[in-house]
Amino acid sequence: MQIVSQNKCFGGEQAVYSHASGVCGVDMTFAVYLPPQAKHASVPVLWYLSGLTCTHENAMVKGGFQRHASKHGIAVIFPDTSPRGEGVADDAAYDLGIGAGFYLNATQEPWKAHFQMDDYVVKELRAIIQGALPITENHGITGHSMGGHGALTIALRNPTLFKSLSAFSPIANPTQSDWGRKQLCAYLGDDESTWAEYDASILMSERGWHGDILVDQGADDQFIDLLRPQALAQAAATRRQPTDLRMHAGYDHSYFFVSSFAEDHVAWHAQRLKSNGR
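Residues numbered from 1 in each chain as written. Predicted model: local features only at pLDDT ≥ 70, side-chain atom pairs only at ≥ 80, totals over all residues. Heavy atoms only, no water.

**A few points about the environment of Gln 6**
1) Next: In this fold, Gln 6 is placed in strand E1 (residues 2–9).
2) Next: In this structure the C-alpha to C-alpha distance between Gln 6 and Leu 203, which are 197 residues apart in sequence, comes to 38 Å.
3) Next: Once residues within four sequence positions are removed from consideration, Gln 6 is found in contact with Glu 13, Gln 14 and Ala 15.
4) Next: There is a polar contact of 3.3 Å between the side chain of Gln 6 and the side chain of Glu 13. (Helix = DSSP H or I, 4+ residues; strand = E, 2+ residues; numbered from the N terminus. Contact = heavy atoms within 4.5 Å. Polar contact = N/O pair within 3.5 Å; in protein donor to acceptor, adjacent residues only side chain to side chain.)

Here it is as structure tokens:
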């Protein structure tokens, strides 16, 4: 881990690091907020996965998570959304390639050499921060849009690694959406049976989750038809999965929406991460 920047923030520290990733084959950058409580003891950690076109910086600057994380004594990790750099495959469209890793492990050329974001988040980056930062093994995960998709699918497939789960406006049913079918086909190939592992609605109906789930969605989200929250709600109802899916009138897909409900999510995760139970 090489320090890119460090800033005092709400009594804690907002830092940005870079490191050589063996999983993605390039240098990766991520941000970490450590609350003031981390100076004296290890703290739980909340992962925030960002959406299309974002880097580690968007939520770090616009999400407003630091104030709430400082209050509740939890760290926040902001990974990048894809590998970047010389030799990394890209596409002219904003929703494929750099900035659009979809938190999966690509199996198709030219993507598979670097686009291994599932393993990067779940295995490599988790191991790095667990060994280098004053954090406990109590991890929660959330994210926005493509990052909400990532948070849901990663947690549902790795329930022993996460104690708490939430999402902001997630791409909830990508196998049935233009925000999904294009990317899943490009990264995984045209065999749609391989796509289900990265569809939160399918995973919800088949596996469920060991706790309750919080999902916030703007009712005036300009992308709501691509996100398909109704599919996730139906899957949760069929599974009888405790899920609080809150639809907010007047809110869109922007960071104004995310920052409006960031406090709720941080408090929600903190309660579960600090509990003694599962």
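**Focus: the packing of helix H6 (residues 200–207) against helix H8 (residues 229–239)**
1) Next: It is at 8 Å that the axes of H6 and H8 come closest, and there the two elements cross at 0°. Judged by the angle between their axes, H6 and H8 are roughly parallel. Across the interface between the two elements, Ala 200, Ser 201, Met 204, Ser 205, Glu 206 and Arg 207 of H6 pack against Ala 231, Leu 232, Ala 235, Ala 236 and Arg 239 of H8.
2) Next: For the contact of H6 with H8, the residue count by class is six nonpolar, two polar and three charged. (Axes fitted to C-alpha atoms, helices over the stretch in contact; angles between N-to-C directions. Parallel < 35°, antiparallel > 145°, perpendicular 65-115°, else oblique. Nonpolar A, V, L, I, M, F, W, Y, C, P; charged D, E, K, R; others polar.)

**Observations regarding the pairing of strand E2 (residues 12–20)**
1) Next: Summarising the sheet, E1 and E2 pair through seven bridges and their orientation is antiparallel. Each bridged residue has a counterpart across the sheet, and for Ile 3 the counterpart in E2 is Tyr 17.
2) Next: Between the antiparallel neighbours E1 and E2 lie two residues, among them Phe 10 with a positive phi of about 50°.
3) Next: Here E2 runs beside strand E3 (residues 27–34); their pairing, made up of eight bridges, is antiparallel. Bridge pairing links Glu 13 to Leu 34 in E3. (Pairing = 2+ DSSP bridges.)

Honestly, it's all geometry; don't read function into it.
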